[in-house]
Amino acid sequence: MNCRKSSLVALLWLSLSGGLTAATLQSASLEQFCVTPGQRTVLRWHVEPDSVKGPVDMILRNYANRVVPLANAPVLKENSLELTIVLSPGFYEIEFPATEQRFGLLCHPAFKGRRDAFFAIDSAMSWLVHDNATREGLVKILARCGIPMSRERLNWSDINPKADQWNWDTSRQYETLRQVCRREGVEVLEMFHGTTGWAGRVGKYPEDLVGMARAWQQIAGQYGPTWSALEVWNEPDISFSDYLPADQYVPLVKTFAYTFGEAGISTPLVGGVFAHFQRQYLDNAARNGLLDQVPVVSFHTYGRAPGMETLIGRYRQWLIEHGHPSKPLWLTECGRPWRRGPKRPPAEQDAESALDIVMKGVESKACGVARYFPFVYPYYEERESNFGMMGREATPLRSMAAYVQLVSALSHKQYVGDLVCEDAKIQRARVFEGANETVVVLYTAKPDAQATVQIGLDALAIAGIDGRPLEASGDGSVPIPDGLVYVRLEKTRLGDRLRTDTAAMELLKSSRETAVKVQSPSPIVLRYQLDPERVAAKSEGYRLQDDAPEKVPFVFRAFNLASEPQTQSLTLSFSQPVTFESDATRQVTIPAAGYVDVQWEVGLKEAFAATGSVRATVRASDPEGKISDLVELDLVGNPTLEQVLRRFPLRHALPIDNLSAWRPAITGTGKMTMERPDDGGWRLKCQFQDGDRWVYPQFQLGENVQLEDYSAIVLRARCEHDAAVRVFLWEGDTGVGYLSPVVVPADGKWHTAVVLFDDFHLSGANRPDANLRLDRDQVRRISIGMNSEVDENTLEVSDALFVTGAK
């Protein structure tokens, strides 16, 4: 250690001995914690009268958590504490041991010029921050840091609890916050989340679409001047919709599209807002017209950065297959939490969060994502995690400082390829080019204070993840202590070291193709009126409750959002032969701002006989035959195992009745037993006491089984009581697990399910996966089990087969 620095630290501690009582320091403003490098700045805290008893102890640490000496000590002035500082670029943390308080400090130049629309943030201040002064300070910080858009949330029931009752500010002070954003030049991505009691409910969606249209026209008139875009709902593919299929979500989008168009509301609509890449849900959404109604599609992920290229590629391929290859993708939630509990995270957790958030931003920009929103700006605890990028006192964490440096380093720069590097520690070397400089983002995926990498080129400048200047080593190697570093190079020196034929470049090119225009919205919106007595609704589709019903009633509601009556012909068709009790086509007149219900009685026995699944489509057309709207449903009956296996000529039956191949796995407070019934397979009985109720015994695959040879697993199972029955696929012995959707209903009946391997997603409760991709060649174990809703449950599995070759 440098002797002069050691002496300064010692003097600092000696001069600050003594200190505060149990008083809490209150910062004079939040904006003061964003300072300009090399500029003399005075930080101020309010203190209670007579609470300071002598000099105040204080410690300043940098991004690496090392103590930084200061030339000045805090000074008490009339119930305030003042600290004069001059700092070099980077992140710092000020600690006052006597009050057990820490404050984050971001030393970075204020952003100048036009902001890059790519960089945004999920703020959720409407729900997470309750103090107006704190909100205003947070908005001002966004403006200073060059972050042009903030994602917010609007609960309809808060502002419109009754059809004729309005409260624009409410206790959440929605309007006050949005006006602050407008004043400070921060755009708002509004998110419509939650219905209101008077509109009724279908699952968690509003039932009254006409009433919704009328109400949201008023809401847009009030808040619209502060909006730059509106997301329709949040994560409709999971619990926020009550796990309803996509055909129930898309009518909301269509209603907004028509309503805004008719009212001349120019706010762009953002649709999708997907929690997971579930291809069956996404395909159904596209077939129901989602992509034709919105100019932007959004999605979320909490996976790790190395898997971003694959994930973005899957969404882009989905768009290509449905005729919208270049539709903009916004990543509107993307975070890396730290463990809940403290007001600010330990340095190592903070650094891990920062690294993943920033690198996912780098990958998103390289792969053609149009906007990127880290989650979440303010302090926020959820279950065992904290996703905040600010501490409880609303000052920056390392993740926020690192994101601000990303904004500065890559604003208005375009991805041009990868730097070819031979150093094996480098996982990514993304090259970005701007008007005046070329920057390479090097990534090793792991903070290591001593780490260096060789790139074989002279660097013009090197910056750490928080923007602090770094120096090349004597041998020319680049330090990379944070797991990520920015290296400025001369572009003319790159030569053949720049590789442009990358997967990221192909995705970027796809995003830049000529966009397909959205269709003119129709006033006619169709919705399937699901009957829980007849069908069980899940995100992947509908399952008939009866095994083989002679007749199934289908009811569809046709809404008319226009101010004039509309005459329409509604035609119901199926992908397999069916029998109709009456005409498949019905003509109706739908009243202005009203609806009519149309019902068909249909025999589905023949349709389900072949495969056990069928697709139903209703089309509405005007008197000239022009299609006004359509709705498509994915239906499954209760197919036998034999019916399902007809679709898969290549199969491998797992010897699941060999109980010695199963290893118990159950929550710590649970007990499980497995037995072999007389007719084969196994029966799992479990008991739980407190806490989580999960049980997922693991089965070791034989050496002759290669999962990459198959596309799905077929299960025949039954579960006695309420539970989510799922399958895990485990990559080797790494602890990386991929989890299926719910596979069978928990109703005590036997069901046969086909679970595509493409529908498995990374389990956030287990080890992270470096590449965020299910590597089938590494899967050597599977689990079949459940998350039970009751303390005692039984799961039986008679058959489990790997299959491929669907006809």
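What counts, and where the lines are drawn
Residues numbered from 1 in each chain as written. Predicted model: local features only at pLDDT ≥ 70, side-chain atom pairs only at ≥ 80, totals over all residues. Heavy atoms only, no water. Helix = DSSP H or I, 4+ residues; strand = E, 2+ residues; numbered from the N terminus. Buried < 20%, exposed > 50% of the residue type's maximum accessible area, 1.4 Å probe, protein only. Contact = heavy atoms within 4.5 Å. 1 Å grid on protein atoms, 1.4 Å probe; cavity = no way out; pocket = protein on both sides within 12 Å on 5 of 7 lines; lining within 4 Å. Points joined across faces, edges and corners; volume = space filled by probe spheres on them. Axes fitted to C-alpha atoms, helices over the stretch in contact; angles between N-to-C directions. Left-handed = near helix turned anticlockwise from the far one by under 90°. Nonpolar A, V, L, I, M, F, W, Y, C, P; charged D, E, K, R; others polar. Expected span 1.5 Å × (residues − 1). Salt bridge = Lys/Arg side-chain N within 4 Å of Asp/Glu carboxyl O. pLDDT = per-residue confidence, 0-100. Pairing = 2+ DSSP bridges. Phe/Tyr/Trp six-rings, centres within 6.5 Å; stacked < 30°, edge-to-face > 60°. Lys NZ or Arg CZ within 6 Å of the ring centre and 35° of its normal. Core = buried A, V, L, I, M, F, W, Y, C linked by side-chain atoms within 4.5 Å. Parallel < 35°, antiparallel > 145°, perpendicular 65-115°, else oblique.

Let us look at the side chain of Ser123. Relative to the assigned elements, Ser123 resides in the loop between strand 11 (120–122) and helix 2 (125–128). Residue classification places Ser123 among the buried residues on the basis of a relative accessible area of 0%. If we skip the residues at most four places from it in the chain, Ser123 touches Leu128, Leu142, Ser150, Arg151, Glu152, Val376, Tyr377 and Pro378.

Moving on: the layout of surface pockets. The probe, sized like a water molecule, is rolled over the atoms to show the empty space still left. Considering only enclosed or pocket space, the second largest pocket measures out at about 840 Å³ in volume. Looking at the second largest pocket, it is lined by 38 residues, and the ones nearest its centre are Tyr63, Ala351, Pro447, Pro481 and Asp482. Only strand 9 (90–96), helix 11 (347–366) and strand 29 (469–470) provide two or more residues apiece to the lining of the second largest pocket. Here the element with the most residues in the lining of the second largest pocket is helix 11; it accounts for six residues.

This part is about helix 13 (residues 503–511). By the burial criterion, the buried members of helix 13 are Ala504, Met505, Leu507, Leu508, Ser510 and Ser511. Looking at the buried positions of helix 13, the neighbouring elements they touch are helix 10 (308–321), helix 11, strand 24 (414–419) and strand 25 (428–433).

Packing of helix 10 against helix 13 leaves a shortest axis separation of 10 Å and a crossing angle of 35 degrees. As for how helix 10 packs across helix 13, the hand of that crossing is left-handed. Residues Glu309, Ile312, Gly313, Arg316 and Ile320 of helix 10 pack against Ala503, Ala504, Leu507, Ser510 and Ser511 of helix 13. Residue composition of the contact of helix 10 with helix 13, grouped by class: five nonpolar, three polar and two charged.

Tracing the sequence through the fold places Ser511 in helix 13. On the basis of relative accessible area, Ser511 is assigned to the buried category, the value being 18%. Residue contacts for Ser511: discarding those within four places in its chain leaves Arg316, Ser326 and Gly368.

Attention now moves to unusual backbone geometry. In this structure, the amide linkage connecting Phe375 to the following residue, Val376, adopts the cis form with an omega of 0 degrees. Along the chain, the position of Val376 falls in the loop between strand 21 (371–374) and strand 22 (381–382). The backbone of Asp242 sits at a positive phi, close to 70 degrees, despite the residue not being glycine. Here Asp242 lies in the loop between strand 16 (227–232) and helix 7 (246–263). Among the residues examined, Asp242 registers a relative accessible area of 41% and is labelled partly exposed.

This part takes up helix 7. For helix 7, spanning 18 residues, the distance from its first C-alpha to its last is 26 Å, which sits close to the expected 26 Å at 1.5 Å a residue. Immediately downstream of helix 7, the backbone of Gly264 shows phi near 70 degrees, a positive value.

Right, let's talk about the pattern of salt bridges for a bit. Enumeration over the complete set of coordinates arrives at 53 salt bridges. Between Glu632 and Arg287 there is a salt bridge, with the nearest N and O atoms lying 2.7 Å from each other. Linking Glu632 in strand 42 (residues 627–636) with Arg287 in helix 8 (residues 279–287), this pair joins segments that are 345 residues apart in sequence. For Arg287, a relative accessible area of 22% gives the class partly exposed.

A separate point is the confidence of the model for the protein chain. Keep in mind that low pLDDT regions are not for reading the predicted coordinates in detail. In the predicted model, the protein chain carries a mean pLDDT of 93, and the fraction of residues at 70 or more is 96%. Low pLDDT, under 50, characterises residues 1–18; the predicted model gives this stretch 24 contacts beyond four residues in sequence or across chains.

So, on to the pairing of strand 13 (residues 187–192). For strand 13, the tally of buried residues reaches five of six residues, placing the bulk of the element in the interior. As paired strands, strand 12 (residues 149–151) and strand 13 are joined by three bridges and run parallel to one another. Pairing of Met149 across the sheet is with Glu187, part of strand 13. Sheet topology places strand 13 next to strand 16; five bridges connect them, and they run parallel. Its bridge partner being in strand 16, Phe192 is matched across the sheet by Val232.

Read across the sheet, four strands follow the order 3-10-9-6 without closing on themselves; strand pairing throughout is mixed. One side of each edge strand has no neighbouring strand; the edge strands of this open sheet are strand 3 (34–35) and strand 6 (59–62).

Taken as a whole and assessed by the stated rule, the structure comprises 49 aromatic pairs. Considering the side-chain rings of Phe192 and Trp216, the 4.6 Å spacing of their centres and the 50 degrees angle between planes classify their relative orientation as tilted. Separated by 24 residues along the polypeptide, Phe192 in strand 13 and Trp216 in helix 6 (residues 209–223) bring together distant segments of the chain. Against the face of Tyr63 rests Arg398, its NZ or CZ located 5.5 Å from the ring centre. In this arrangement the basic side chain of Arg716 is found over the ring face of Trp750, its NZ or CZ atom lying 4.2 Å from the centre.

The sheet built from four strands is open, its strands ordered 33-36-40-38 with antiparallel pairing. Edge strands, defined here as strands with exactly one partner in the open sheet, are strand 33 (524–528) and strand 38 (579–580). One ladder, built from five bridges, connects strand 33 with strand 36 (residues 552–560); its direction is antiparallel. Paired with Ile524 across the bridge in strand 36 is Asn560. Strands strand 33, strand 36 and strand 40 (594–603) of the sheet are contacted by helix 6, whose axis makes an angle of about 25 degrees with strand 36.

Another aspect to go through is the environment of Ala461. With respect to the helices, strands and loops of the structure, Ala461 is situated in strand 28 (residues 461–463). Along the chain, Ala461 and Ser27 lie 434 residues apart, while their C-alpha atoms are 35 Å from each other. With residues up to four places along the chain from it excluded, the contact list for Ala461 reads Tyr486, Val487 and Arg488.

Judged by nonpolar contacts, the single largest core of 151 residues is most densely connected at Phe192, Trp216, Tyr249, Trp318, Phe554, Phe574 and Leu604. When residues no more than four places from it in sequence are discounted, the contact partners of Trp318 are Phe274, Phe277, Arg279, Leu282, Asp283, Ala286, Leu291 and Val297. The next biggest cluster of nonpolar side chains, apart from the first, holds 44 residues, and it includes Tyr710, Ala717, Ile782 and Val797.

The next point concerns the pairing of strand 41 (residues 613–621). In terms of strand pairing, strand 37 (residues 566–574) meets strand 41 through six bridges, oriented antiparallel. In the sheet register, Leu570 faces strand 41, and the bridge partner there is Ala620. Both strand 41 and strand 42 contribute to a ladder of nine bridges, which runs antiparallel. Along strand 42, the bridge assignment pairs Ala616 with Leu633. If you look at the hairpin formed by strand 41 and strand 42, you'll find five residues sitting between the two strands, and Gly625 has a positive phi there, around 90 degrees.

With that settled, consider the packing of helix 11 against helix 12 (residues 398–410). Working note: a packed helix pair is described by the angle between its axes plus the distance between those axes. In the contact formed by helix 11 and helix 12, the axes pass within 8 Å of each other and the chain directions differ by 30 degrees. Classified by the interaxial angle, the pair formed by helix 11 and helix 12 is roughly parallel. Along this stretch, helix 11 crosses helix 12, giving a crossing that reads as right-handed. The residues of helix 12 that touch helix 11, namely those facing Ala347, Asp350, Ala351, Ser353, Ala354, Ile357, Val358, Gly361, Val362 and Lys365, are Arg398, Ser399, Ala402, Tyr403, Leu406 and Leu410. Here the contact of helix 11 with helix 12 is built from residues that sort into ten nonpolar, three polar and three charged.

Here Gly735 shows up in the loop between strand 50 (723–731) and strand 51 (736–739). With near-sequence residues (within four places) excluded, Gly735 lies in contact with Trp730, Asn766 and Arg767.

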